[in-house]
Amino acid sequence: MQSARRAINMIKYLILMLTFMCVVIEIIQIVVGAVLHRLFATYTVFIDNDFVRATHFLIAVGIVLVFLSIFGFAGIIFENVIMIFLYAGMFGLVVILEIILASAAFSMYNRVDSMLTRRMNNVIQEFFSDRFMRASFNHMQNEMNCCGIQSYIDWANFHPERDLPNSCCRHYEEACMPHERGCHGPMSDFIGSRIHMIATGTVIIVVFQVVCIITAIIMGARLSKYKQQLRAAGLRPGPITAPEPIMTEKPKY
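Residues numbered from 1 in each chain as written. Predicted model: local features only at pLDDT ≥ 70, side-chain atom pairs only at ≥ 80, totals over all residues. Heavy atoms only, no water.

Q: Where do I start with the state of the cysteines in this structure?
A: What makes a disulfide is a covalent bond joining the sulfur atoms belonging to two cysteines. Throughout the structure, instances matching the rule amount to three disulfides. Shown here is the disulfide that connects C147 with C168, its sulfur atoms set 2.0 Å apart. Judged by the sign of its S-S torsion, about 90°, the bond between C147 and C168 is right-handed. With C147 in the loop between α5 (131-144) and α6 (153-158) and C168 in the loop between α6 and β1 (169-172), this residue pair connects regions lying 21 residues apart in the sequence. By the burial criterion, C147 is buried, and C168 matches it. Here the cysteine-cysteine linkages of the chain are recorded as 1-6, 2-3, 4-5, numbering only bonded cysteines and doing so in sequence order. No disulfide involves C22; its sulfur sits 3.0 Å from the nearest other cysteine sulfur, which is in C212. Overall, the relative accessible area of 1% leaves C22 in the buried class. (Disulfide = S-S within 2.5 Å. Helix = DSSP H or I, 4+ residues; strand = E, 2+ residues; numbered from the N terminus. Buried < 20%, exposed > 50% of the residue type's maximum accessible area, 1.4 Å probe, protein only.)

Q: It is not clear to me how the environment of E79 should be interpreted in this structure. Could you clarify?
A: Relative to the elements of secondary structure, E79 occurs in the loop between α2 (49-77) and α3 (81-109). With a relative accessible area of 0%, E79 lands in the buried category. Residues E79 and G220, spaced 141 residues apart in sequence, show a C-alpha to C-alpha distance of 8.3 Å.

Q: How should I be thinking about the UniProt feature "transmembrane region" (unreviewed entry) in the chain in this particular structure?
A: Per the UniProt record, "transmembrane region" (unreviewed entry) is found at residues 12-36, 56-78, 85-109 and 195-221. Taken end to end, residues 85-109 has its terminal C-alpha atoms 36 Å apart, with 100% of it in helix and 0% in strand. Annotated as 100% helix and 0% strand, the span residues 195-221 places its first and last C-alpha atoms 39 Å apart. (UniProt positions renumbered as here; feature names shortened; annotations may be inferred.)

Q: Help me understand the packing of aromatic side chains in this model?
A: Working definition: an aromatic ring pair is given by the centre-to-centre distance plus the angle between the planes. This model, assessed by the stated rule, comprises nine aromatic pairs. On the numbers, 5.3 Å between centres and 75° between planes, the contact of Y87 with F91 is edge-to-face. Highlighted residues: Y87 and F91, both in helix α3, separated by four residues, approximately one helical turn. This pair shows no difference in class: Y87 is buried, exactly as F91 is. Seen in terms of ring centroids, F127 and F128 are 4.9 Å apart; in terms of plane orientation they differ by 80°. Their pairing is edge-to-face. For F127, a relative accessible area of 2% corresponds to the buried category. A relative accessible area of 28% means that F128 is categorised as partly exposed. Among the aromatic side chains, those forming a connected cluster through ring pairs are Y43, F46, F127, F128, F137, W155 and F190. When the ring centre of F128 is taken as reference, the NZ or CZ atom of R162 above it lies at 4.3 Å. (Phe/Tyr/Trp six-rings, centres within 6.5 Å; stacked < 30°, edge-to-face > 60°. Lys NZ or Arg CZ within 6 Å of the ring centre and 35° of its normal.)

Q: Is there a simple way to think about the nonpolar core in this case?
A: Burial of nonpolar side chains together is a common tendency in soluble globular proteins. Grouped together as the largest cluster of nonpolar side chains are 36 residues, with contacts concentrated most on F46, M140, M187 and I191. Going through the elements one at a time, α1 (2-42), α2, α3, α4 (112-125), α5 and α7 (184-232) are the ones with two or more residues in this core. If we skip the residues at most four places from it in the chain, F46 touches M115, L116, R119, M120, V123, S136, F137, M140 and M187. If you look at the next biggest cluster of nonpolar residues, it comprises 26 residues, including I11, L65, A88 and L223. (Core = buried A, V, L, I, M, F, W, Y, C linked by side-chain atoms within 4.5 Å. Contact = heavy atoms within 4.5 Å.)

Q: What should I look at first to understand the packing of α4 against α5 in this one?
A: Between two packed helices, the angle of one axis relative to the other and the distance separating the axes together describe the packing. Between α4 and α5, the shortest axis-to-axis distance is 9 Å and the interhelical angle comes to 120°. Judged by the angle between their axes, α4 and α5 are oblique. Both α4 and α5 take part in a crossing whose hand is left-handed. Residues M120, V123 and I124 of α4 touch α5, and the partners they reach there are M133, F137 and M140. (Axes fitted to C-alpha atoms, helices over the stretch in contact; angles between N-to-C directions. Parallel < 35°, antiparallel > 145°, perpendicular 65-115°, else oblique. Left-handed = near helix turned anticlockwise from the far one by under 90°.)

Q: Where do I start with the confidence of the model for the chain in this structure?
A: Where the model shows low pLDDT, its predicted coordinates should not be examined in detail. Per-residue pLDDT for the chain averages 86, and the proportion of residues at 70 or more is 92%. Here β1 stands out as the least confident element of the chain, with mean pLDDT 81; α4 is the most confident, with 94. Contacts of residues 240-248 to residues separated by more than four positions or lying in other chains number two contacts, the stretch itself having pLDDT below 50. (pLDDT = per-residue confidence, 0-100.)

Written as structure tokens, this is what we have:
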């Protein structure tokens, strides 16, 4: 009986540590999702809506898992078998959603180039007619130190009667000296690296969470068996067994 109790205590402290680490990881996930959402919102005209929704999903899953981990903490500390199994089951459902997110992120990573080509062509065509498009493209060229889509020649192809925007110029000598590189490459690297971070980060988190789920199931099963043994022995099950008295006789003075 005592060996079973010691084994449960070891599993209990292990899963408490893992659950605490899960809470920390989920808080990091929420922060990363918020930062990525802010970055993507800056370049919203160049990004499809499902890229922005991926950051929303990342934040929402992180918030749900923080509260779920707190629920798991309570079940583990009070050694409630039902709460522990509910924690493992709900955690498993959320992990399935995260696997879907990771798969979607890998799929989005593979179509970043085609998305940017399509979006940039639309924005550069409406550059002089739409104020928001103009501000977005100028911001991108200033931040990325680039000009046009593939090169500054794109401006002559789309708007042959217009001069280069000021955001294209590295510096002025007698005329505008444009940045030689286009914006497609740096934007592809910028967005692709963030999407790849979502995909790979989610996979790493899922692996860690699966360990938490397996540990919770093992503890729930061990704890359920231990409580059945206590009932069979006529003892009252509880999270802490009563300590044996150190002294059996009163001290004599």
